[in-house]
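Coordinates in review
Letter by letter, the chains look like this.
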Amino acid sequence: MLPFATVLAQDSAPDKPVAVVSIASYDQLIKDFSYLTGVSGRPEIGNIAEFVSEPFARHMNTERPAGILFTIADGDPKGVGFLPIPDLDKLLAMVTEKFGAEVEELDDGIKRVRWNQNVYLKQQGEWVFFTDAVSHLKRLPSDPASHLAGLDKKYDA
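Since this is a predicted model, take the numbers as computed values, not measurements.

What counts and what doesn't
- Residues numbered from 1 in each chain as written.
- Predicted model: local features only at pLDDT ≥ 70, side-chain atom pairs only at ≥ 80, totals over all residues.
- Heavy atoms only, no water.
- Helix = DSSP H or I, 4+ residues; strand = E, 2+ residues; numbered from the N terminus.
- Buried < 20%, exposed > 50% of the residue type's maximum accessible area, 1.4 Å probe, protein only.
- Areas by Shrake-Rupley, 256 points an atom, 1.4 Å probe, with all protein chains shown as cover.
- Patch = residues over 30% accessible without salt bridge, like charges linked within 9 Å, V, L, I, M, F, W, Y side chains within 5 Å.
- Salt bridge = Lys/Arg side-chain N within 4 Å of Asp/Glu carboxyl O.
- Phe/Tyr/Trp six-rings, centres within 6.5 Å; stacked < 30°, edge-to-face > 60°.

Attention now moves to the overall build of the chain. The helix and strand tally for the chain stands at four helices and eight strands. Along its sequence from the N terminus, the chain presents helices and strands in the succession β-β-α-α-β-β-α-β-β-β-β-α. Within the chain, buried positions represent 36% of all 157 residues. Summing over all exposed atoms, the chain offers an accessible surface of approximately 9400 Å²; the carbon and sulfur share of this is 56%.

Rendered as structure tokens:
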């Protein structure tokens, strides 16, 4: 069982991923983690992981995968992660309340979250994209999960 897998894409045209990190759905990850901690004789660790992650999970579509898309822009790699979060504002309200993160509204629906370092977020449909550079949030795919090509299911039992 692997919680994620990486594949290199054949096409390295601009805005097309040259590498993809596929992360199984939250439901699948918790199921696998609980199984592993159970067979290792420590099921309470799985229960703790589910308890600790629940405040974040309640803001996600826990049946959908997540991932990171890597492209090349101006000769440099850029990475943009995506999470299945239908309402970013609800998640940010929780993060601000529980962790004291500062959220700043920028142009084009982009939000900067200041915690230990800046993270830039953008809601697009049912997905939230995140990165460390605001310029990476310009041309985003409408369905980022399609770039996973089924890896989120193939490499997680």
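Read on for the rest.
Let's shift gears to a nonpolar patch on the surface. A surface patch of nonpolar side chains, about 500 Å² in accessible area, is lined by F33, I45, I48, F51 and V52. Ranked by residues supplied to the nonpolar patch, first place goes to helix 2 (residues 43-57) with four residues. Mapped onto the fold, F33 is located in helix 1 (residues 26-39).

With that out of the way, let us pick up the packing of aromatic side chains. With the rule as written, the count across this model stands at four aromatic pairs. Consider the rings of F56 and F99, whose centres lie 5.9 Å apart with planes at 15°: the pair is stacked. Residue F56 is located in helix 2, and its partner F99 is located in helix 3 (residues 88-99); the two are separated by 43 residues in the primary sequence. The class for F99 is partly exposed, based on a relative accessible area of 37%. Aromatic pair F99 and W115: ring centres 5.1 Å apart, planes at 50°, arrangement tilted. Taken as a pair, F99 in helix 3 and W115 in the loop between strand 6 (110-114) and strand 7 (118-124) lie far apart in primary sequence, 16 residues in all.

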